[in-house]
Amino acid sequence: MSGKSALITGITGQDGPYLAKLLLDKGYRVHGLIARRASDNQWRLRELGIAGEIKFIDGDLTDASSLIRAVNLAKPDEFYNLAAQSFVAASWDQPLLTATVNGLAVTHCLEALRQFSPHTRFYQASTSEMFGLIQAERQDEKTPFYPRSPYGVAKLYGHWITVNYRESFGLHASSGILFNHESPLRGIEFVTRKVTDAVARIKLGSQRELRLGNIDAKRDWGFAGDYVEAMWLMLQQDQADDYVIATGVTTTVRDMCRIAFRHVDLEMDDYLVIDPKFFRPAEVEVLLGNPAKARAKLGWAPKTSLEQLIGAMVDADLRRVAAELQARVTA
Ligand code: NAP
Ligand code: G4F
């Protein structure tokens, strides 16, 4: 058992609980920065059965003083910065918030470490959204960036400030350029979970149609549980570096959707409606990652196919929706 301490921001999101579970299983003490919210935001931690094992520290990424306090309390060997306004579509509606949380606040984290805990290893949650209008057919660590959303632009700042603090101050700061990764814990606003939730509701008779935007867009989708392992591996290396984490397979939203419907023996074309409301002001048409460096240097490879992933998500949503409908009947 490691006996190490880790601090995770974004502990209540999709990736935070998977990463926390991985670290707890390795014997880490896990601290989670938790932003004050009016409604419950711990359901994912409960679903993985680890809510009681996290040492929560109140704080917000936009409040630099709360990050200094968190670092001083947790005394982390490893700091994983997963917190973000992570929904691309919302970044056109809230560009300043997105810039502050996803961009500037990364410097709050790095400054807290530079000034108070320079030995701590740092992970920054960068994204394939930074490739945007792709400049190479398969994107790797050397592919030029061309972000297409306020989200992507803000994340680009977070990426480069991480590189800069590594080069300027010698911090062990790594940036994981992760392609889309999904799971049964995915937020309902993202397209995979929107689809698997709708498929479950249609199958169980509580929804009639599914409305989507651009189904020609292509994404390189992997399983979040596989991807958090890559985050941890990055911080175990002697040298900090940047890594693309992806499956190397790209699929259209249309085909991902078809897989979900077929999983419950339904035909997508009977239920799918295209709704321009979900089109974006500028689209990332295709993403396809090349994870060769991660495979060679980290020994990392994805373990879960898209069919397995979408099947597991549909099954989880069938269980949730069935429980919800049952609760309505007995209420
Ligand atoms: P997510 O489910 O949207 O979770 C975001 C987390 O950030 C939540 O815990 C949220 O807290 C927290 N947060 C938001 N604003 C905050 C603030 N001002 N202060 C403190 N915490 C704040 O995102 P995810 O899918 O787990 O992704 C994790 C990270 O990886 C994000 O940075 C995302 O941009 C990046 N990323 C994700 C993917 C992907 O496909 N999932 C791919 C590449 C990069 P509440 O729950 O309280 O709102
Ligand atoms: O699921 P999405 O909302 O994910 P998107 O925009 O690719 O962003 C996710 O992955 C990024 C990594 O590349 C992360 F950095 C980011 O935080 C987030 O996790 O949309 C995927 C595609 C888009 O092309 C979108 O236009 O699906 C298309 N789409 C079509 N109809 C839809 C819909 N997306 C959503 N959310 N809802 C729709 O109805």
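Residue positions are counted from 1 within each chain, in the order its sequence is given. Following the order in which they are written, the chains are lettered starting with A and the ligands numbered starting with 1. Whole-chain, interface and lining totals are the exception, using all residues; otherwise, since this is a predicted model, local features are given only for residues with pLDDT of at least 70 and side-chain atom pairs are given and counted only at 80 or more. Excluded from the side-chain calculation are hydrogens and water; included are all heavy atoms of the structure.

### As for the overall build of the chain
Selection criterion: To qualify as a helix, a DSSP run of H or I must reach at least 4 residues; to qualify as a strand, a run of E must reach at least 2; elements of each kind are numbered from the N terminus. Only the C-alpha atoms count toward the radius of gyration. The rule for a globule is 2.2 Å times the residue count to the power 0.38. Buried, partly exposed and exposed residues are distinguished by accessible area as a fraction of the type maximum, computed with a 1.4 Å probe on protein chains only: under 20%, between the cut-offs, and over 50%, respectively.
Looking only at helices and strands, one finds 10 helices and 13 strands in the chain. The C-alpha atoms of the chain give 20 Å as radius of gyration, which agrees with the globular expectation for 331 residues (20 Å, within 12%). Projected onto its principal axes, the C-alpha positions of the chain cover 60 × 50 × 40 Å. Buried residues in the chain amount to 54% of all 331 residues.

### Some words on the site of ligand 2
Which entries qualify depends on this criterion: If even one non-hydrogen atom of a residue comes within 4 Å of a molecule or strand, that residue is called near it. Think of a polar contact as two N or O atoms within 3.5 Å of one another; within protein, one of them needs to be a possible hydrogen donor and the other a possible acceptor, and neighboring residues in sequence only count if both atoms come from side chains. Each accessible area value is a Shrake-Rupley result obtained with a 1.4 Å probe; residue values ignore everything except the protein chains displayed when judging cover. As a working rule, the residues Ala, Val, Leu, Ile, Met, Phe, Trp, Tyr, Cys and Pro are called nonpolar, Asp, Glu, Lys and Arg charged, and the rest polar, with Gly in that last group. Here the limits of each domain have been adopted from an automatic or database domain assignment.
Around ligand 2 sit 23 residues in total, of which T127, S128, Y151, R280 and E283 are the nearest. The contact in question runs from an oxygen atom of ligand 2 to an N or O atom on the backbone of S86, over 2.7 Å. Here R186 contributes a side-chain N or O atom positioned 2.9 Å from an oxygen atom of ligand 2. Protein chains shield 96% of the accessible area of ligand 2, which is 720 Å² for the free molecule. In terms of residue class, the shell around ligand 2 is built from 10 nonpolar, six polar and seven charged. Split by domain, the residues of the shell around ligand 2 number at least three in each of domain 1 (5–181 + 222–245) and domain 2 (187–219 + 249–287 + 304–330).

### Some details on the pairing of strand 4 (residues 78–81)
Put simply, the rule reads: One requirement defines pairing of two strands: DSSP has to find at least two bridges between them. A clockwise path from the first strand over the helix to the second, with the strands pointing away from the viewer, defines a right-handed crossover.
Residues E78 and Y80 point to one face of strand 4 and F79 and N81 to the other, with burial holding for every one of them. Relative to strand 4, strand 1 (residues 5–9) runs parallel, the two sharing four bridges. Note that in strand 4 the partner of I8 across the bridge is Y80. Of the pairings in the sheet, the one linking strand 4 to strand 5 (residues 121–127) comprises four bridges and is parallel in character. From the neighbouring strand, E78 faces strand 5, where its bridge partner is R121. After leaving strand 4, the chain enters helix 4 (residues 95–116) and then returns to the sheet as strand 5, a path that is right-handed.

### Some points on the site of ligand 1
T12, D15, S86, Y151 and K155 are the nearest of the 25 residues found near ligand 1. Contact between ligand 1 and T12: an oxygen atom at 2.6 Å from a side-chain N or O atom of the residue. One of the backbone N or O atoms of L82 is found 2.9 Å from an oxygen atom in ligand 1. Elements represented by at least two residues in the shell around ligand 1 include exactly strand 5 and helix 5 (150–169). The greatest single-element share of the shell around ligand 1, amounting to three residues, is contributed by strand 5.

### Some words on the sheet that holds strand 4
Spelled out, the test is: Fitted lines through C-alpha atoms give the axes, limited to the stretch in contact for helices. The angle between two N-to-C directions lies from 0 to 180 degrees. Any two residues whose heavy atoms approach within 4.5 Å at even a single point are treated as in contact.
Pairing in this open sheet of seven strands is parallel, and the strands run 3-2-1-4-5-6-11 from one edge to the other. Lying at the two open borders of the sheet, with one neighbouring strand each, are strand 3 (55–58) and strand 11 (242–245). In this sheet, neighbouring strand axes are inclined to one another by 20° on average, regardless of whether the strands run parallel or antiparallel. Strands in contact with helix 1 (residues 15–25) are strand 1, strand 2 (29–34) and strand 4; relative to strand 1, the strand with the most contacts, it is inclined by about 175°.

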